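So you can see what is in the structure, the chains are spelled out below.
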Amino acid sequence: SQQGEEDPQALSIQEGENATMNCSYKTSINNLQWYRQNSGRGLVHLILIRSNEREKHSGRLRVTLDTSKKSSSLLITASRAADTASYFCATGRQGGSEKLVFGKGTKLTVNP
Amino acid sequence: NAGVTQTPKFQVLKTGQSMTLQCAQDMNHEYMSWYRQDPGMGLRLIHYSVGAGITDQGEVPNGYNVSRSTTEDFPLRLLSAAPSQTSVYFCASSPPNPLVQYFGPGTRLTVT
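Being a predicted model, the structure only gives us computed values, none of them experimental. (Residues numbered from 1 in each chain as written. Chains lettered and ligands numbered in written order. Predicted model: local features only at pLDDT ≥ 70, side-chain atom pairs only at ≥ 80, totals over all residues. Heavy atoms only, no water.)

(A) Representation of the nonpolar core in the model. Residue and element names in this part refer to chain A. Residues Met21, Leu32, Trp34, Leu74, Ile76, Tyr87 and Leu108 are the most contacted members of the largest nonpolar core, which totals 21 residues. Only strand S3 (19–24), strand S4 (29–37), strand S5 (43–50), strand S7 (61–66), strand S8 (71–76), strand S9 (85–93) and strand S11 (106–111) provide two or more residues apiece to this core. Excluding residues that lie within four positions of it along the chain, Met21 makes contacts with Asp7, Trp34, Ser72, Ser73, Leu74, Ile76, Tyr87, Thr106 and Leu108. (Core = buried A, V, L, I, M, F, W, Y, C linked by side-chain atoms within 4.5 Å. Buried < 20%, exposed > 50% of the residue type's maximum accessible area, 1.4 Å probe, protein only. Helix = DSSP H or I, 4+ residues; strand = E, 2+ residues; numbered from the N terminus. Contact = heavy atoms within 4.5 Å.)

Pasting the structure below:
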């Protein structure tokens, strides 16, 4: 069963605006990751945040993690048309699981 | 490095036929996984391996077999194809810690 659930399912914004996607999960985790998938392609890893971290930045990406609420958010600042893709969160469970569990994704469209 | 490669890119099977989806990685990663992606369902784990000679079931293993005789290769076998196995299949590899997945380009399978 899916661990992470992204919200919203779809998001459409204008170039230059910020995009925020959320992920909620159910069980204790040791890390949470965000991936991007361009249409017809495989997923690409964007950023990983560990359970003892609250915020992490990578370029125009900012990820937050609230373990008390079992939720994470991905913020893409100053979006570009090239950011159009689906974004997935994936959780690694506590206890050293060899498996990541993916959510269903948020489809982001950035209009030029 | 080629990363993770998958063959074929597209395949059409008739119900009852069998076939093998190939996956290879050249990053010397210990972990490899197979996922299927269906519209609105996100990625679901089929089988995974934590090293040569070791495999285990994921969330949706029925109808699929895997083996891991080398670190590089992780083929997925469909024993008797069914229309419910129509999907896009992704192979991924990862170092063990943290479990960051590197995905192949996918195989689009249609079973008629």
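(B) Region of interest: the interface of chain A and chain B. Contacts between the two partners involve 20 residues from chain A, matched on the other side by 21 residues from chain B. Interface of chain A and chain B: buried area, both sides summed, is about 1600 Å²; carbon and sulfur atoms make up 58% of it. Connecting chain A to chain B are zero salt bridges. Those elements that provide at least two residues to the side of chain A that touches chain B are S4, S5 and strand S10 (100–102) of chain A. Looking at the side of chain A that touches chain B element by element, the count peaks at four residues for S5 of chain A. Tallied by class, the residues present in the side of chain A that touches chain B amount to six nonpolar, nine polar and five charged. (Buried area = accessible area lost by both parts, 1.4 Å probe. Salt bridge = Lys/Arg side-chain N within 4 Å of Asp/Glu carboxyl O. Nonpolar A, V, L, I, M, F, W, Y, C, P; charged D, E, K, R; others polar.)

(C) Highlighting the layout of surface pockets. A volume near 800 Å³ is recorded for the largest pocket. Residue lining of the largest pocket: 36 residues in total, with Gln37 and Gly40 of chain A together with Gln37, Pro39 and Arg108 of chain B positioned closest to the centre. Looking at the lining of the largest pocket, the elements that each hand over two or more residues are strand S1 (5–7), S9 and S11 of chain A together with strand S4 (31–38), strand S9 (87–94) and strand S11 (107–111) of chain B. Considered class by class, the residues forming the lining of the largest pocket number 10 nonpolar, 18 polar and eight charged. (1 Å grid on protein atoms, 1.4 Å probe; cavity = no way out; pocket = protein on both sides within 12 Å on 5 of 7 lines; lining within 4 Å. Points joined across faces, edges and corners; volume = space filled by probe spheres on them.)

(D) Fine view of the sheet that holds strand S7 (residues 64–66) of chain B. All names here are of chain B. Read across the sheet, four strands follow the order S1-S3-S8-S7 without closing on themselves; strand pairing throughout is antiparallel. Of all strands in the sheet, those with a lone pairing partner are strand S1 (4–7) and S7, marking the two edges. Put simply, the sheet's adjacent strands are angled 20° from each other on average, direction ignored. Sheet topology places S7 next to strand S8 (residues 76–78); three bridges connect them, and they run antiparallel. (Pairing = 2+ DSSP bridges. Axes fitted to C-alpha atoms, helices over the stretch in contact; angles between N-to-C directions.)

(E) Structural context of unusual backbone geometry. Of the consecutive residues Asp7 of chain A and Pro8 of chain A, the connecting peptide bond is found in the cis state with omega at 0°. Along the chain, Pro8 of chain A falls in the loop between S1 and strand S2 (10–14). Thr7 of chain B connects to Pro8 of chain B through a cis peptide bond whose omega is -5°. By secondary structure assignment, the location of Pro8 of chain B is in the loop between S1 and strand S2 (10–13). Positive phi, normally seen in glycine, also occurs at Lys70 of chain A, with a value near 55°. Tracing the backbone through its elements, the reader meets Lys70 of chain A in the loop between S7 and S8. Positive phi values are uncommon outside glycine, yet Ala78 of chain A reaches one of about 45°. Residue placement: Ala78 of chain A occurs in the loop between S8 and S9. Among the residues examined, Ala78 of chain A registers a relative accessible area of 39% and is labelled partly exposed.

(F) Spotlight on the sheet that holds S7 of chain A. All names here are of chain A. Read across the open sheet, the five strands follow the order S1-S3-S8-S7-S6; overall the sheet is antiparallel. At either margin of the open sheet sits one strand with a lone partner, and together these are S1 and strand S6 (55–58). For this sheet the average axis-to-axis angle between neighbouring strands, irrespective of direction, equals 20°. Of the pairings in the sheet, the one linking S3 to S8 comprises six bridges and is antiparallel in character. If you follow Ala19 over to S8, its bridge partner there is Ile76.

(G) Quick peek at the packing of aromatic side chains. Evaluated as defined, the whole model comprises seven aromatic pairs over all chains. Ring geometry for Phe102 of chain A versus Tyr35 of chain B: centroids 5.4 Å apart, planes at 85°, classification edge-to-face. Residue Phe102 of chain A is located in strand S10, and its partner Tyr35 of chain B is located in strand S4; the two belong to separate chains. Residue Phe102 of chain A is classed as buried on the basis of its relative accessible area, which comes to 1%. Between Phe90 of chain B and Phe103 of chain B the ring centres are 6.4 Å apart and the planes differ by 80°, which places this aromatic pair in the edge-to-face class. On the criterion of sequence distance, the pair formed by Phe90 of chain B in strand S9 and Phe103 of chain B in strand S10 (residues 102–103) is long-range, its members being 13 residues apart. Its relative accessible area of 2% is what places Phe90 of chain B among the buried residues. Overall, Phe103 of chain B belongs to the buried group, its relative accessible area being 12%. Looking at Arg68 of chain B, its charged tip hangs above the ring of Phe74 of chain B, at a distance of 6.0 Å from the centre. (Phe/Tyr/Trp six-rings, centres within 6.5 Å; stacked < 30°, edge-to-face > 60°. Lys NZ or Arg CZ within 6 Å of the ring centre and 35° of its normal.)

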